[in-house]
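# A closer look at the structure
Chain residues, written in single-letter form:
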Amino acid sequence: MATATELVVEAELANLLAVAAAEGWQIKALTTTSFLIGFSSGSDWVWVHCQADDYPGLPPAWRWTNAAGDRFDEDDLTPRREGDASTFFHPNGVICAPWNRLSYTSIDSRGPHNDWDIGDWKRNSQLGGGRTLAGMAIRLGLEVRLRFRGFRQAA
Amino acid sequence: MAKPDKPDNEITLNISTSNGVFTASFAKTAKVSDIIEAAIVAKNLDRSDKFEVFKGDEALEPVERTLVSFHLVDGDELLLSATGSGV
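Now for a look at the structure at hand. All figures in this text were calculated on a predicted structure; none of them were measured in a lab.

Below, the discussion takes up the sheet that holds strand β4 (residues 61-65) of chain A. Residue and element names in this part refer to chain A. Strand order in the open sheet formed by four strands is β1-β2-β3-β4, with antiparallel pairing between adjacent strands. In this open sheet, the two edge strands, each paired with only one partner strand, are β1 (26-31) and β4. Shown here is a sheet whose adjacent strand axes are inclined to one another by a mean of 25°, direction ignored. Taken together, the five bridges between strand β3 (residues 44-51) and β4 define a ladder with antiparallel strand orientation.

All right, on to the interface of chain B and chain A then. Listed as interface residues are 19 residues of chain B and, on the opposing side, 27 residues of chain A. Those elements giving two or more residues to the side of chain B that touches chain A turn out to be β1 (10-17), β2 (20-27) and β5 (77-82) of chain B. Take the side of chain B that touches chain A: its biggest share by element is four residues, from β5(B).

It is worth spelling out the environment of Asp75(A) at this point. Residue and element names in this part refer to chain A. Along the chain, Asp 75 turns up in the loop between β4 and α2 (133-147). Owing to 13 C-beta atoms within 10 Å, Asp 75 belongs among the partly exposed residues under this scheme. Each C-alpha atom of the pair Asp 75 and Gly 93 lies 8.6 Å from the other, and the pair is 18 residues apart in sequence. If sequence neighbours within four positions are ignored, Asp 75 has contacts with Phe 151, Arg 152 and Gln 153.

Now for the packing of helix α1 (residues 4-23) of chain A against α2(A). Helix packing geometry: the angle between the two helix axes and the distance between the axes. All names here are of chain A. Two numbers describe how α1 lies on α2: the axes approach to 8 Å, and their chain directions differ by 30°. Between α1 and α2, the interaxial angle falls into the category roughly parallel. Listed contacts from α2 to Glu 12, Leu 13, Asn 15, Leu 16, Val 19 and Glu 23 of α1 are Leu 133, Ala 134, Ala 137, Ile 138 and Gly 141. Here the residues of the contact of α1 with α2 are counted per class, giving seven nonpolar, two polar and two charged.

Rules and cut-offs
- Residues numbered from 1 in each chain as written.
- Chains lettered and ligands numbered in written order.
- Predicted model: local features only at pLDDT ≥ 70, side-chain atom pairs only at ≥ 80, totals over all residues.
- Pairing = 2+ DSSP bridges.
- Helix = DSSP H or I, 4+ residues; strand = E, 2+ residues; numbered from the N terminus.
- Axes fitted to C-alpha atoms, helices over the stretch in contact; angles between N-to-C directions.
- Contact = placed C-beta atoms within 7 Å.
- Buried ≥ 20, exposed ≤ 12 C-beta atoms within 10 Å, placed from the backbone.
- Parallel < 35°, antiparallel > 145°, perpendicular 65-115°, else oblique.
- Nonpolar A, V, L, I, M, F, W, Y, C, P; charged D, E, K, R; others polar.

This is the structure in structure tokens:
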């Protein structure tokens, strides 16, 4: 029997797939609660791994990865912060937003925020529409489209 | 049966939102803010958010401009995004 998390992810993933098709993003399902999403920027693809276990009680964990989803947060996978680069491209290497589990210091030591309550993440005033998987992906996709300037290190 | 012709003064737009894709016809003289309002209602989006509409890399701003002034055409794909959240 599917868990509540699996049912929510399945329902939200259907919306995300429709948005991804319209936007030209790639989605690779991994498990019932995890997937990869790829955003194109010129000749580069920026890949993000989403692990949504315990969602929506907790926000998903979003981390930089490769197209195979077998390496994480390495410099050749992580967008560099440059000029007007997005605050998502945080120097700590985490995607910094209330809807990313890894932004919370209590979860990941790189997480910049010990001032956010992860149990109340959907009411964070800085959520910015990241209430659904598609909403989170839209924010990421836009940041990559508008502000990606290359990776920290060439592949 | 042939579908009735759409009025010349209307365009159909596909709008990606956080709750899925929304397709609707708008008067060419409608404003971008009308798209946002329609999407909020149709896709049950949170009114407390502030939204932007993008066509590719272009933000359709200011939102009080008409659709025709942005040269939108039938079938265009737009992206509706809440602002903020990278911190």
